[in-house]
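Listed here are the chains, written in short residue letters.
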Amino acid sequence: MKTEVPGPRSRELMKQLNGIQNAEAVHFFCNYEESRGNYLVDVDGNRMLDLYSQISSIPIGYSHPSLIKLLQQPQNLSTFINRPALGILPPENFAERLKESLLSVAPKGLSQVVTMSCGSCSNENAFKAIFMWYRSKERGHNNVTKEELESCMINQPPGCPDYAMLSFMGGFHGRTMGCLATTHSKAIHKLDIPSLDWPIAPFPRLKYPLEDFVKENQQEEARCLEEIVAGIIVEPIQSEGGDNHASDDFFRKLRDIARKHGCAFLVDEVQTGGGCTGKFWAHEHWGLDDPADVLTFSKKMMTGGFFHKEEFRPNAPYRIFNTWLGDPSKNLMLAEVIKVIKREDLLNNATHAGKALLTGLLDLQARYPHLISRVRGRGTFCSFDTPNDATRNKLITIARNKGVVLGGCGDRSIRFRPTLIFKDHHAHLFLNIFSDILANFK
């Protein structure tokens, strides 16, 4: 570490950017050319162990040699230079690239995939696919009526039916209009924006350690399964809302309720997908043969999009559509990322390194219970609570100035989102630094 963070060069650049747009969320400016593996370098020359990895979106570390090599191959240049309107003019190898990348890791039972550019548009279009499927079921084999065609143009039923997605308090599914109606993590995300009056169910608030509160947690989960409607969206771990976990049994029961009521079950794996929990998809921990009807992804997957069952295919062109529908260069990079994950056994690594991290955090919790509580995690997808927002933010700032990048979530949690190449020794390095921080915290 050469300066405090943000350092003088970062502060100068923050001032510049703030003259162009609101840049108050910027932590510091980065030198990505010098960043390698799990280490992020800022513009002031500070080299930091990154346990946040661009809000959980860097799969195999900074400047990975396999990805650099991929970009240097002449046959790949066109994919990066010529971005097509995939819905109407895809490149010759597009279907092949989808098979090499996304379809090679498709969740159980989901044979169809549509690519998008980000997590929000993945969920937004997944909602549309679900509503079209539900209306088609209701309509049977009848044709669309003239009244439906006319009424939808003025946002009225029957053309715009009064359907809803059930979401959970504490969930985060994006910031576009439909997604925002299902997002309930922070008020600042929603303030001043008109919304859809869709139902919200409580999400379990479990007590830790889980083995000490089995009965209480079962009662809490039962309470949260009382409400149901036509479509459900849920995260395997509520990430932005505070790393809120529920038991595998909770999700199995939720899946059963969706099936019983004939509504679609949408699993949002934008943040949990890609291997960080020790399985490629976090929902695999539930042990279900039919875990989802639709599953959304982004972040570590390099591209956004959603997998779905065949029955959720639109019945006409242009119904799920936008200009780009993702980016073929991201599929090319994802295929390489998946090769690295398999070659280097990175799912097992996430389990192993996660155990080292979680064990260390539990030890710190035992030593500093006034600062750390509710340590929890799956793989490297770990977190803990602090006493309050001010303490949380102070700990993150001190850690950054000691060379560790952490992230917050919920109202007082600190979350860990390292890359898949985060190893045991990185965990121990962090734990040693953080132990000193806690020992000296005032």
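Up top is the structure.
Asks: Account for the pattern of salt bridges, with residues named and values stated.
Replies: Enumeration according to the criterion identifies 26 salt bridges in this entry. Across the pair Glu-12 and Arg-9 runs a salt bridge, and its minimum N-O distance is 2.8 Å. Of this pair, Glu-12 and Arg-9 both sit in helix α1 (residues 8-18), three residues apart, which is roughly one turn of that helix. Accessibility expressed as a relative area gives 35% for Arg-9, which makes it partly exposed. Residue Glu-138 pairs with Arg-135 through a salt bridge whose shortest N-O separation is 3.3 Å. Taken as a pair, Glu-138 and Arg-135 lie in helix α6 (residues 119-139) at a separation of three residues, close to a single helical turn. We classify Arg-135 as buried; its relative accessible area is 18%.

Asks: Would you mind going over the sheet that holds strand β1 (residues 39-41) in detail, with residue names and values included?
Replies: The strands that make up a sheet pair up through hydrogen bonds in the backbone, lying either parallel or antiparallel. Spatially, the three strands line up as an open sheet ordered β1-β2-β12, and their pairing is mixed. Two strands close off the open sheet at either side, each with one partner strand: β1 and β12 (404-405). As paired strands, strand β2 (residues 47-50) and β12 are joined by two bridges and run parallel to one another. Paired with Leu-49 across the two strands is Val-404, which belongs to β12. Sheet contacts for helix α15 (residues 424-439): β1, β2 and β12; angle to β2, the most-contacted strand, approximately 110°.

Asks: I'd like a rundown of the environment of Ile-398, residues and numbers included.
Replies: Counting through the fold element by element, Ile-398 comes out in helix α14 (residues 389-401). With 40 residues separating them in the primary sequence, Ile-398 and Leu-438 have C-alpha atoms 10.0 Å apart. With sequence-adjacent residues up to four places away left out, Ile-398 is seen in contact with Ile-437 and Phe-441.

Asks: Account for the pairing of strand β11 (residues 381-385), with residues named and values stated.
Replies: For β11, the tally of buried residues reaches five of five residues, placing the bulk of the element in the interior. Burial along β11 is two-sided: the face carrying Phe-381, Ser-383 and Asp-385 and the face carrying Cys-382 and Phe-384 are both buried. The pairing of strand β10 (residues 373-378) with β11 spans four bridges and is classified as antiparallel. Looking across to β11, one finds that Arg-376 is bridged to Ser-383. Between β10 and β11, which pair antiparallel one after the other, the connecting turn spans two residues, and Gly-379 there sits at a positive phi close to 60°. By the bridge criterion, four bridges tie β11 to strand β14 (residues 413-416) in an arrangement that is antiparallel. In the strand pairing of β14, Phe-384 is matched with Ile-414.

Conventions and cut-offs
Residues numbered from 1 in each chain as written. Predicted model: local features only at pLDDT ≥ 70, side-chain atom pairs only at ≥ 80, totals over all residues. Heavy atoms only, no water. Salt bridge = Lys/Arg side-chain N within 4 Å of Asp/Glu carboxyl O. Helix = DSSP H or I, 4+ residues; strand = E, 2+ residues; numbered from the N terminus. Buried < 20%, exposed > 50% of the residue type's maximum accessible area, 1.4 Å probe, protein only. Pairing = 2+ DSSP bridges. Contact = heavy atoms within 4.5 Å. Axes fitted to C-alpha atoms, helices over the stretch in contact; angles between N-to-C directions.

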